[in-house]
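Listed below are the residues making up each chain.
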Amino acid sequence: MSDNEQLDPRIVAALRDLPAASNEVRDAHIAEALAHVSPSISRQSPRRWLAVAAALIVLVGSSALYSSLSPSTDSTVRPRNGAVTTVPIKGSVCGADLADYTIVGTYSSVGSVREVWTSKPNLVVVDQTSCTQLSIITHPAIVASGNGCAGFDVEAGNQPVGTYSVSGTKLTLVATPTELQIHGGSCEVIASHPLPGRP
Amino acid sequence: MHYDSVRTVCHRIVVNKADAEDATQHALISIVRALPGFDGRSKFSTWVYRIATNAALDEVRRIRRRPTPTDIDATFVLPMADGTGAVDAQMDVAQALALLPEEYRTTLVLRHVADLDYEEIAEIQGVPVGTVRSRLARGRTQLANILGNQDTSTGRHNPDERNT
């Protein structure tokens, strides 16, 4: 049943011709939607879970879905030597116990690797060896900002952990030798917390 | 990928850009929340568009309830077409669409933007197929009048589209 010819093709084309969403808008839409994925999905049968996952890919596209689920993939920081580097995609071994969280990234401290996860309203630091939760940080209130932190100098000895979004504002997490710093939408430090010790 | 289609449907029904982005967001959240309950009785795309349409229409109703039109679009101050063809030839198609009654606009969007067939549109709108046909025919006619371009419709007559 095709009756498109009954409407001037130029009109149809104009109706369909909507400028694509910017990456920021699209990622914010998808990230916010994914934050509402029911926790019950993970408890359903593998077949059901796969069906839901497949539907999500059909809905938003695999690349967009991957981008939204990988908050550290686009965290570009500029070391002091001026070269732009991208924080490597960080894997996780503790994800099974943190189903409602999204990994921000990892850093090394006192000889072991820590994972940092985010979920409203907390950040959680986990020891990657034992998957023990070392610290739960209540996230500061975020004032939505249209500014983007395009990159900043990471001082020697500091480790870029990754980026994530809260209320549409992109935040960057940096581990110094003594604390975790949350950098806001304009690259400013909006909160810092002492690094947790050994498990 | 349905994201772009969902967003386009929301924009064409809601019109105002900021409100349309809100509708898109609400649609995606509703879809994600409802995914575990999708039973496959209708096509996935139909199911998605039904939710998107409802989200867009909810947004339209929210806009109507606003005490003051704080971010009114130029769309809403355009004069209604009187059918005489005296309209600005440069009028944007989307703006012209916004002047249609909501049910005509939504039906046209589902048909010509989402590319759904009559039965799918009827399912989404909860109306008989005949009503879909009449809404399409009237919507096209009004759109043509608003645009002042009688060539908007090619003039080919589809006997299935008699008004009901």
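Since we're looking at a predicted model, the values are computed, not measured.

Trainee: I'm lost on the overall build of chain A in this one. Help?
Mentor: A count of helices and strands for chain A gives 4 helices and 11 strands. Out of the 199 residues belonging to chain A, those deemed buried represent 29%. For chain A, restricting intrachain contacts to residue pairs at least 6 apart in sequence, the fraction spanning at least 24 positions comes to 45%.

Trainee: Hey, could you run me through the overall build of chain B in this one?
Mentor: Each helix and strand in chain B was counted, giving 7 helices and 0 strands. Ordered by position from N to C terminus, the α and β elements of chain B give α-α-α-α-α-α-α. Going through the 164 residues of chain B one by one, you find that 44% of them count as buried. Considering only residue pairs separated by 6 or more positions, chain B has 70% of its internal contacts joining residues 24 or more positions apart.

Trainee: Help me understand the sheet that holds strand β8 (residues 159-166) of chain A, please; the structure alone is not making it clear to me.
Mentor: The strands making up a sheet associate through backbone hydrogen bonding, with each pair oriented either parallel or antiparallel. Residues and elements named next belong to chain A. Pairing in this open sheet of 4 strands is antiparallel, and the strands run β8-β9-β10-β11 from one edge to the other. The open sheet terminates on both sides in strands that have one partner only, identified here as β8 and β11 (189-194). The average undirected angle you get between the axes of adjacent strands in this sheet is 20 degrees. By the bridge criterion, 5 bridges tie strand β10 (residues 179-183) to β11 in an arrangement that is antiparallel.

Trainee: Help me out: how do you make sense of the environment of Leu123(A) in this one?
Mentor: Note that Leu123(A) resides in strand β5 (residues 122-127). Considered as a pair, Leu123(A) and Ser135(A) are 12 residues apart in the sequence and their alpha carbons are 8.2 Å apart.

Trainee: I keep staring at the packing of helix α5 (residues 102-112) of chain B against helix α7 (residues 129-147) of chain B and nothing clicks. Help me out?
Mentor: When two helices pack together, their arrangement is given by the angle between their axes and by how far apart the axes lie. Residue and element names in this part refer to chain B. Between α5 and α7, the least distance of the axes is 8 Å, while the angle of their chain directions is 100 degrees. Between α5 and α7, the angle is such that the two are roughly perpendicular. Where α5 approaches α7, its residues Glu103, Tyr104, Arg105, Thr107, Leu108 and Arg111 are matched on the opposing element by Val132, Arg135, Leu136, Arg138, Gly139, Gln142 and Leu143.

Trainee: Could you clarify how one ought to interpret the pairing of β5(A) in this entry?
Mentor: Residues and elements named next belong to chain A. Relative to β5, strand β4 (residues 112-119) runs antiparallel, the two sharing 6 bridges. Across the sheet, Trp117 pairs through a bridge with Val124, a residue of β5. Here 5 bridges tie β5 to strand β6 (residues 133-138), and the two strands are oriented antiparallel to one another. Residue pairing in the sheet places Leu123 in a bridge with Ile137 of β6. If you look at the hairpin formed by β5 and β6, you'll find 5 residues sitting between the two strands, and Cys131 has a positive phi there, around 60 degrees.

Trainee: Is there a simple way to explain the pairing of β10(A) in this structure?
Mentor: Remark: a regular strand shows side chains that alternate across the two faces of the sheet. Residue and element names in this part refer to chain A. Here strand β9 (residues 169-175) pairs with β10 via 4 bridges, running antiparallel. Within β10, the residue paired with Thr172 across the bridge is His183. From the end of β9 to the start of β10, which pair antiparallel, there are 3 residues.

Trainee: It is not clear to me how the sheet that holds strand β3 (residues 102-109) of chain A should be interpreted in this structure. Could you clarify?
Mentor: Residues and elements named next belong to chain A. Strand order in the open sheet made by the 4 strands is β3-β4-β5-β6, with antiparallel pairing throughout. The sheet is open, and its two edges are formed by β3 and β6, each paired on a single side. Between one strand and the next, the sheet's axes are offset by a mean angle of 20 degrees, whatever the strand orientation. Here β3 runs beside β4; their pairing, made up of 7 bridges, is antiparallel. Across the sheet, residue Thr102 finds its bridge partner in β4, namely Thr118.

Trainee: Explain α7(B) to me, please; I cannot follow it from the model alone.
Mentor: Owing to its 3.6 residues per turn, the α-helix aligns residues three or four sequence positions apart on the same side. When the terminal C-alpha atoms of α7(B) are compared, their 27 Å separation across 19 residues agrees well with the 27 Å that a helix rising 1.5 Å per residue should span. Once α7(B) finishes, Gly148(B) follows within two positions and takes phi at roughly 65 degrees, a positive value.

Trainee: Would you mind showing me how to read the nonpolar core here?
Mentor: Nonpolar side chains tend to gather and get buried jointly when the protein is soluble and globular. By size, the foremost hydrophobic cluster in this structure holds 49 residues, and its most contacted members are Val9(B), Cys10(B), Ala27(B) and Ala52(B). One finds Val161(A), Leu171(A), Val174(A) and Ile182(A) within the second-largest nonpolar core, a separate group that totals 17 residues.

Trainee: Hey, could you run me through the confidence of the model for chain A in this one?
Mentor: Low-pLDDT stretches of the model should not have their predicted coordinates read in fine detail. In the predicted model, chain A carries a mean pLDDT of 69, and the fraction of residues at 70 or more is 59%. The weakest mean pLDDT in chain A belongs to strand β2 (residues 85-86) of chain A at 34; the strongest belongs to β10(A) at 86.

Trainee: Even after reading the chapter, I still don't get unusual backbone geometry, so can you show me in this structure?
Mentor: Glycine aside, a negative phi is what most residues show, and trans is what most peptide bonds show. Residue and element names in this part refer to chain B. You will see that Val15, though not glycine, has its phi angle at about 80 degrees, which is positive. Residue placement: Val15 occurs in the loop between α1 (3-14) and α2 (17-34). In this model, Asp115 sits at a positive phi of 65 degrees, which is unusual for a non-glycine residue. Tracing the backbone shows Asp115 in the loop between α5 and α6 (118-125).

Trainee: Could you clarify how one ought to interpret the packing of α5(B) against α6(B) in this entry?
Mentor: All names here are of chain B. The N-to-C vectors of α5 and α6 enclose an angle of 140 degrees; their axes lie 10 Å apart at closest approach. Comparing their axes, α6 and α5 come out oblique. The hand of the α5/α6 crossing is right-handed. Touching Thr106, Thr107, Leu110 and Arg111 of α5 are Ile121, Ile124 and Gln125, all from α6.

Definitions and limits used
Residues numbered from 1 in each chain as written. Chains lettered and ligands numbered in written order. Predicted model: local features only at pLDDT ≥ 70, side-chain atom pairs only at ≥ 80, totals over all residues. Helix = DSSP H or I, 4+ residues; strand = E, 2+ residues; numbered from the N terminus. Buried ≥ 20, exposed ≤ 12 C-beta atoms within 10 Å, placed from the backbone. Contact = placed C-beta atoms within 7 Å. Pairing = 2+ DSSP bridges. Axes fitted to C-alpha atoms, helices over the stretch in contact; angles between N-to-C directions. Parallel < 35°, antiparallel > 145°, perpendicular 65-115°, else oblique. Expected span 1.5 Å × (residues − 1). Core = buried A, V, L, I, M, F, W, Y, C linked by C-beta atoms within 7 Å. pLDDT = per-residue confidence, 0-100. Left-handed = near helix turned anticlockwise from the far one by under 90°.

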